[in-house]
Every structure is written in C-alpha cells, then in structure tokens.
Amino acid sequence: MQSINYADLAELPSVVDIVTAARVLGLSRTYAYQLAKNDRFPCKVLRIGNCYRVPTAALLSLLGADRNPNDESLRRPGRMIDQLGKTGDTGSAVQSS
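Nothing here was measured: the structure is a model prediction, and the numbers come from that model. (Residues numbered from 1 in each chain as written. Predicted model: local features only at pLDDT ≥ 70, side-chain atom pairs only at ≥ 80, totals over all residues. Heavy atoms only, no water.)

We now examine the overall build of the protein chain. Within the protein chain, the secondary structure is distributed over five helices and three strands. Counted from the first residue to the last, the protein chain has its helices and strands arranged as α-β-α-α-β-β-α-α. The burial tally for the protein chain puts 34% of its 97 residues in the buried class. Once local pairs closer than 6 in sequence are excluded, the contacts in the protein chain between residues at least 24 apart make up 42%. When the accessible surface of the protein chain is summed, it comes to about 6,200 Å², and 46% of that surface belongs to carbon and sulfur atoms. (Helix = DSSP H or I, 4+ residues; strand = E, 2+ residues; numbered from the N terminus. Buried < 20%, exposed > 50% of the residue type's maximum accessible area, 1.4 Å probe, protein only. Contact = heavy atoms within 4.5 Å. Areas by Shrake-Rupley, 256 points an atom, 1.4 Å probe, with all protein chains shown as cover.)

Have a look at this one:
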C-alpha cells in the first residue's frame, strides 16, 4: 500500500474512506477494518450503511497536524507521524491510551 506524504494530507477532502485513513496511518486495509469494526480505530469513524468514513479533521488531529487558516498548508506534524514514517509494520506505531 502506497503511503501518503505531507502535501497529500493538505489535499484530502473533509471525509475519507477507511482505506485512505489506513494509508495515512500506515495500517493495512484488513487491520483498519478490524479496528473500525471493533470500535478501536484510533480516531473518529463514521459508519454509513456498510461503509466506514473518517473525518479528515480527526485524522489530522490524531497526527498532530493542523491546518493553518492563513494559507491552508499543514504545520509540522507531531511525533506520531515521524514514528509512522519510520516503522513499516501495521500496528505498533498507533498506541491506545
């Protein structure tokens, strides 16, 4: 699964599918669906019929990335995205509290 870079984060629509959210977090598609099904996905997930959607704002908040209201670019994300970029596995970078 191809990862998403910082520029791509700024271009995400207001709501993304679970597979896109999984790509952002470095999770496999199957693991993301398992987490969502068990209400353990690390950010807010909306279930609409048989589809899962993730609000981009919740995803960016989880990553520590905020939209700059002046120029719509992303500020430097926090530590979590750095960890996600360094790990290649599908679950160890996202920790529950």
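A few words on the pairing of strand β3 (residues 51-55). Across three bridges, the pairing between strand β1 (residues 15-17) and β3 is antiparallel. Paired with D17 across the bridge in β3 is R53. Sheet analysis places strand β2 (residues 46-48) next to β3, joined by three bridges and oriented antiparallel. Paired with I48 across the strands is C51, a residue of β3. Taking the residues between adjacent antiparallel strands as the criterion, β2 and β3 are bridged by two residues, where G49 takes a positive phi near 65 degrees. (Pairing = 2+ DSSP bridges.)

Buried within helix α4 (residues 56-63) are the following residues: T56, A58, L59, L60 and L63. Where α4 ends, the next residue or the one after it, G64, has phi of about 80 degrees, a positive value.

Right, let's get into the sheet that holds β1. With antiparallel pairing, the three strands of this open sheet are ordered in space as β1-β3-β2. In this open sheet, the two edge strands, each paired with only one partner strand, are β1 and β2. Taking the axes of each pair of neighbouring strands and ignoring which way they run, one obtains an average angle of 40 degrees across the sheet. (Axes fitted to C-alpha atoms, helices over the stretch in contact; angles between N-to-C directions.)

The next point concerns the packing of helix α2 (residues 18-25) against helix α3 (residues 29-37). Between α2 and α3, the shortest axis-to-axis distance is 9 Å and the interhelical angle comes to 110 degrees. Taken together, α2 and α3 sit at an angle that is classed as roughly perpendicular. You can see that α2 and α3 cross each other, and the crossing is right-handed. Residues I18, V19 and A22 of α2 lie in contact with α3, whose contacting residues are R29, A32, Y33 and A36. (Parallel < 35°, antiparallel > 145°, perpendicular 65-115°, else oblique. Left-handed = near helix turned anticlockwise from the far one by under 90°.)

Shape descriptors only; they carry no functional weight alone.
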